[in-house]
Amino acid sequence: MPAPQCASCHEARAALRRPRSGQALCATCFCTAFEAEVLHTVVAGRLLPPGAVVAVGASGGKDSTVLAHVLRELAPRLGISLHLVAVDEGIGGYRDAALAAVRRQAARWELPLTVVAYAELFGGWTMDAVARSTAGSGRSRSCCTFCGVLRRRALEEGARRVAATHVVTGHNADDMAETVLMNFLRGDAGRLARGGGLGSPGEGGALPRCRPLQLASQKEVVLYAHFRRLDYFSEECVYAPEAFRGHARELLKLLEAARPSAVLDLVHSAERLALAPAARPPPPGACSRCGALASRALCQACALLDGLNRGRPRLAIGKGRRGLDEEGPPGGRGSHSRPDPRLRSPSPASRDSSSPLGSDDVGVRGRL
Amino acid sequence: MAAPLSVEVEFGGGAELLFDGVKKHQVTLPGQEEPWDIRNLLVWIKKNLLKERPELFIQGDSVRPGILVLINDADWELLGELDYQLQDQDSILFISTLHGSRMGAGSTW
């Protein structure tokens with residue numbers, strides 16, 4: 001049977017049916033609609049005001065490629081400028097090829113590119129080193145937990161280096177739905193409560209972050225990239241098979257097959273969740289070591305690096321998430337301004353004098 | 001009774017890794033009793049092109065969820081999916097949406 005005609009221009013043959021509306025559109029009209037929706041998401045949510053200097057998290061993958069391409073198209077209309085920020089986690093083979101794709105994109109789009117490496121930021125801890133350290137700890141998927149936390153920190157650092165005012169990443173609706181499922185499955189009420197909404201306003205000195213593609217389904221992101229002939233990198237991270245997210249993804253795919261709107265419906269449900277008073281997390285304070293936003297004495301990045309440096313990488317992950325020298329909820333240290341992470345924290349309270357590694361602990365010396 | 005057909009089968013988005021990294025394949029499908037539809041094409045691909053881990057590409061008699069199928073640049077949903085009857089010189093593209101690196105802890109947003 002021949003494909004129906006495009007419902008928008010009535011001239012070309014339709015290339016797809018949009019999942020939400022069921023409307024059949026040709027490739028050109030679909031791309032136009034996709035871009036218009038991203039524009040609407042940004043404008044209606046006041047995500048990127050005129051004059052914003054936007055750091056785009058660029059991995060070379062399909063989502064960040066589409067994100068950068070669309071924002072570049074929209075930049076004149078929005079009055080924003082773009083910088084690509086790529087994170088080098090130090091995963092041999094995989095990340096080099098992905099970075100090569102980002103460099104090609106930067107050249108083709110004539111956008112500035114900054115690369116931030118874990119090795120430099122985290123005292124030599126590349127993901128390959130973390131994976132070696134966590135291997136045999138009984139939970140091999142934990143290396144992905146480290147990467148997620150550290151990557152966000154690295155992206156933030158990269159954004160600061162280019163004097164960005166906002167950070168954007170390419171998370172799509174499927175990613176958000178997977179995150180919702182994962183948080184439910186892990187009983188992470190705090191994250192569920194914060195998981196909705198279009199972005200984080202930037203508490204505790206962190207840069208405002210948003211995800212302009214949040215309402216775009218993964219399928220449409222892939223099709224947009226195809227119809228616009230965008231060059232992206234699509235190999236699987238070598239550690240990915242071990243990640244818990246894979247299970248959530250499989251479940252989501254099955255659910256989507258039965259009920260196509262399940263993906264967006266999950267995201268909307270999370271946005272509308274209200275926690276019982278007893279379940280609400282305490283207001284976050286500042287990390288006693290680096291000053292970043294933290295709900296305990298140490299932020300997640302510092303706690304994880306602490307565990308790695310003490311040779312006990314399991315310590316900081318899991319439901320409890322307590323590092324070795326945590327004493328409880330954060331103390332009275334104010335979070336009015338974020339201390340420069342390049343300064344060594346002088347406070348004696350943050351130096352664990354009983355540490356067998358003493359003050360040469362790499363995790364303390366390294367910038368965060 | 002189906003006549004032999006010449007079609008182009010293409011793999012993208014990482015799916016090509018299951019086919020020795022080769023993205024484009026010019027394929028001649030032999031004449032046979034059964035019609036050449038996508039369903040039978042998948043059987044043929046599994047038997048003749050797929051180099052490893054069939055479960056990553058095929059599930060049951062269809063493609064694994066998360067693999068998009070475009071026939072002559074149009075979503076197969078519009079064309080009858082598995083029942084679409086192949087024509088000579090058709091181009092069938094399989095794009096995987098399943099690869100990537102967004103594998104981390106639940107978002108701290």
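Note on numbering: residues in each chain are counted from 1, in written sequence order. All chains are assigned letters beginning with A, and all ligands numbers beginning with 1, in the order in which they are written. Residue-level local features of this predicted model are given only where pLDDT is at least 70; pairs of side-chain atoms are given and counted only at 80 or more, and the full residue set underlies all totals for whole chains, interfaces and linings. Side-chain metrics rest on all non-hydrogen atoms present in the structure, leaving aside hydrogens and water.

Caption draft 1: Representation of the overall build of chain A in the model. Each helix and strand in chain A was counted, giving 13 helices and ten strands. Each of the 368 residues in chain A was classed as buried or not, and the buried ones make up 54%. Counting only contacts in chain A whose residues sit at least 6 apart along the sequence, the fraction spanning at least 24 positions is 71%. A run of DSSP states H or I qualifies as a helix once it reaches four residues; a run of E qualifies as a strand once it reaches two. Both are numbered from the N-terminal end. Burial status follows relative accessibility: with a 1.4 Å probe on protein chains alone, a residue under 20% of its type maximum counts as buried, one over 50% as exposed, and anything between as partly exposed. Whether two residues are in contact is decided by their heavy atoms: any pair within 4.5 Å suffices.

Caption draft 2: Focus on unusual backbone geometry. Positive phi values are uncommon outside glycine, yet His10 of chain A reaches one of about 55 degrees. Looking at the element boundaries, His10 of chain A is found in the segment before strand S1 (16-17).

Caption draft 3: Focus on the interface of chain B and chain A. On the chain A side, the residues contacting the 32 residues of chain B number 53 residues. Between chain B and chain A, a total of about 3,900 Å² is buried, with carbon and sulfur atoms accounting for 55% of that surface. For salt bridges, the criterion is a side-chain nitrogen of Lys or Arg within 4 Å of an Asp or Glu carboxyl oxygen. On inspection of chain B and its partner chain A, the count reaches four salt bridges. For Glu250 of chain A, the salt bridge goes to Arg64 of chain B, with nearest N and O atoms at 2.6 Å. Counting of polar contacts relies on pairs of N or O atoms within 3.5 Å, with two restrictions inside protein: one atom must be capable of donating a hydrogen and the other of accepting it, and residues adjacent in sequence are counted only when both atoms are side-chain atoms. For the pair chain B and chain A, the number of links is nine residue pairs in polar contact (both at pLDDT 80 or more). Within the residue set of the side of chain B that touches chain A, elements represented by two or more residues are strand S5 (67-71), strand S6 (74-75) and strand S7 (91-96) of chain B. Once two parts are brought into contact, the accessible area they lose, counted with a 1.4 Å probe and summed over both, makes up the buried area.

Caption draft 4: Structural detail: the sheet that holds strand S1 (residues 5-12) of chain B. Residue and element names in this part refer to chain B. Two strands are counted as paired when DSSP detects at least two bridges linking them. In spatial order, the strands read S2-S1-S7-S5-S6; together these five strands make up an open sheet with mixed pairing. For this open sheet the edge positions go to strand S2 (24-29) and S6, each flanked by a neighbour on one side alone. Where S1 and S7 come together, five bridges link them in parallel fashion. Each residue of the ladder has a partner; that of Gly12, found in S7, is Ile95.

Caption draft 5: Spotlight on the packing of aromatic side chains. All names here are of chain A. Put simply, two rings from Phe, Tyr or Trp (the six-membered ring, in Trp's case) pair if the centres are within 6.5 Å, and we call them stacked under 30 degrees between planes, edge-to-face over 60, tilted for the rest. Applying the stated rule across the entire model yields ten aromatic pairs over all chains. Seen from their ring centres, Phe30 and Phe227 are 6.2 Å apart, and the 75 degrees between their planes marks the pair as edge-to-face. Residue Phe30 is found in helix H1 (residues 27-44), and its partner Phe227 is found in helix H9 (residues 218-227); the two are separated by 197 residues along the sequence. One exposure class covers both Phe30 and Phe227, and it is buried. Pairing Tyr118 with Phe122 gives two aromatic rings, centres 5.2 Å apart and planes at 70 degrees, and the pair type is edge-to-face. Residue class for Tyr118 comes out buried when judged on its relative accessible area of 0%.

Caption draft 6: Looking closely at the nonpolar core. Counting residues in hydrophobic clusters, the biggest one holds 51 residues, and the most contacted among them are Phe30, Phe34, Leu48, Val56 and Val66 of chain A. At the level of secondary structure, the elements contributing two or more residues to this core comprise H1, strand S3 (53-57), helix H2 (62-78), strand S4 (81-88), helix H3 (94-109) and H9 of chain A together with S5 and S7 of chain B. Ranked by residue count, the leading element in this core is H2 of chain A, at eight residues. In contact with Leu48 of chain A, not counting residues within four places along its chain, are Val42, Val54, Leu71, Ile80, His166, Val168 and Cys210 of chain A. Side-chain atoms within 4.5 Å are what join buried Ala, Val, Leu, Ile, Met, Phe, Trp, Tyr and Cys residues into a set we call a nonpolar core.

Caption draft 7: Seen up close, the pattern of salt bridges. Residue and element names in this part refer to chain A. Taken as a whole, this structure holds 26 salt bridges over all chains when the rule is applied. In this structure, the salt-bridge partner of Lys62 is Asp63, at a minimum N-O distance of 3.0 Å. For the residue pair Lys62 and Asp63, the accessibility class agrees, reading buried in each case. Across the pair Arg151 and Glu89 runs a salt bridge whose closest N-O atoms are separated by 3.4 Å.

Caption draft 8: Structural detail: the environment of Trp76 of chain B. Residue and element names in this part refer to chain B. For Trp76, the position within the fold is in the loop between S6 and S7. Spatially, the C-alpha atom of Trp76 lies 9.4 Å from that of Ile38, the residues being 38 residues apart in sequence. Residues within four places of Trp76 in sequence aside, it is in contact with Ile38, Ser62, Val63, Val69, Ile71, Glu81 and Leu82.

Caption draft 9: Representation of the side chain of Arg18 of chain A within the structure. Residue and element names in this part refer to chain A. Tracing the backbone shows Arg18 in the loop between S1 and strand S2 (24-25). The buried category is assigned to Arg18, whose relative accessible area is 7%. Of the polar contacts made by the side chain of Arg18, one reaches the side chain of Glu220; its length is 2.8 Å. Contact partners of Arg18, with chain neighbours within four places excluded, come to Gln23, Leu25, Phe30, Ala33, Glu37 and Glu220.

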